[in-house]
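Descriptive analysis of the structure
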Amino acid sequence: MDATGQPALTRRPDPFIVVGKVNGRDEAARAASPAEALSRMLGWLAADADASAVWYLREDWPGPVTVIGRQAPGTARESRRCAHLFPLEPGTVLRGAMTAGCGARLRLPEIEWLPLGAGMPCERCLVGVCRNPRPRLEGGRR
Ligand SMILES: [Zn+2]
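Everything quoted here is computed from the prediction, not taken from an experiment.

**Digging into the overall build of the chain**
A count of helical and extended segments in the chain gives two helices and nine strands. For the chain, the α and β elements follow one another from N to C terminus as β-β-α-β-β-β-β-β-β-β-α. In the chain, which comprises 142 residues, the share counted as buried stands at 35%. Across the chain, the fraction of contacts at a sequence separation of at least 24, relative to all contacts at a separation of at least 6, is 54%. Of the roughly 9200 Å² of accessible surface on the chain, 53% is carried by carbon and sulfur atoms.

In structure tokens:
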């Protein structure tokens, strides 16, 4: 059983890892989504003002993962709240902010994560994705 009262799914394929130092101890946790990783990090910071934490897509994940997010309500004008694409490479450590495909930099606590297809997409992010097809997704080297 985990904290949510649900049976622990030991084989749940959580793509994200959160690691940090809380009250002098090393901590590590898995997360199913960026939002879960963030809430874990905020929990650590609430427990220890000097806590440090980073998160990343597991280095053994088979390929890059694109997550979608936009400025949370109240942190930007509505017209600027388009849905940005954030390509994540396995093993690349992420800290307090993330850079979208179009170059926009969003601070983590101010990102509202969206399911695929939700929100008005950022056109510049879409262009970036089209310009940079990812041959690694096809598997193997060229
Ligand atoms: Zn964008």
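So that's the structure; there's more coming.
**With respect to the confidence of the model for the chain**
Confidence in the prediction of the chain, expressed as mean pLDDT, is 83, and 81% of residues score 70 or more. Residue range residues 133-142 is modelled with pLDDT below 50. Its contacts to residues more than four positions away, or to other chains, number seven contacts.

**Observations regarding the packing of aromatic side chains**
Following the criterion strictly, the structure yields two aromatic pairs and no others. Summarising the aromatic geometry, the rings of Phe-86 and Trp-113 are spaced 5.9 Å apart at their centres and angled 65 degrees between planes, so their arrangement reads as edge-to-face. Here Phe-86, found in strand 5 (residues 84-88), pairs with Trp-113, found in strand 9 (residues 111-114); they are 27 residues apart in sequence, far enough to count as distant. Classification of Phe-86 by relative accessible area gives buried; the value is 0%. Overall, the relative accessible area of 18% leaves Trp-113 in the buried class.

Calculation notes
Each residue is numbered by its place in its chain's sequence as written, counting from 1. Residue-level local features of this predicted model are given only where pLDDT is at least 70; pairs of side-chain atoms are given and counted only at 80 or more, and the full residue set underlies all totals for whole chains, interfaces and linings. With hydrogens and water excluded, all non-hydrogen atoms of the structure serve as input to the side-chain values. The secondary structure listing takes helices from DSSP runs of H or I that are at least 4 residues long and strands from runs of E that are at least 2 residues long, numbered from the N terminus. Only protein chains enter the accessibility calculation, which uses a 1.4 Å probe; a residue is then buried when its area is under 20% of its type maximum, exposed when over 50%, and partly exposed in between. Contacts: residue pairs with any heavy atoms within 4.5 Å of one another. For accessible areas, the Shrake-Rupley method is used with a probe of radius 1.4 Å. Any residue's cover is judged against the shown protein chains and nothing else. The predictor attaches a confidence to each residue, and that confidence, scored 0 to 100, is pLDDT. To pair, rings of Phe, Tyr and Trp, with the six-membered ring standing in for Trp, must have centres within 6.5 Å; the planes then decide the type, stacked if under 30 degrees apart, edge-to-face if over 60, and tilted in the middle.

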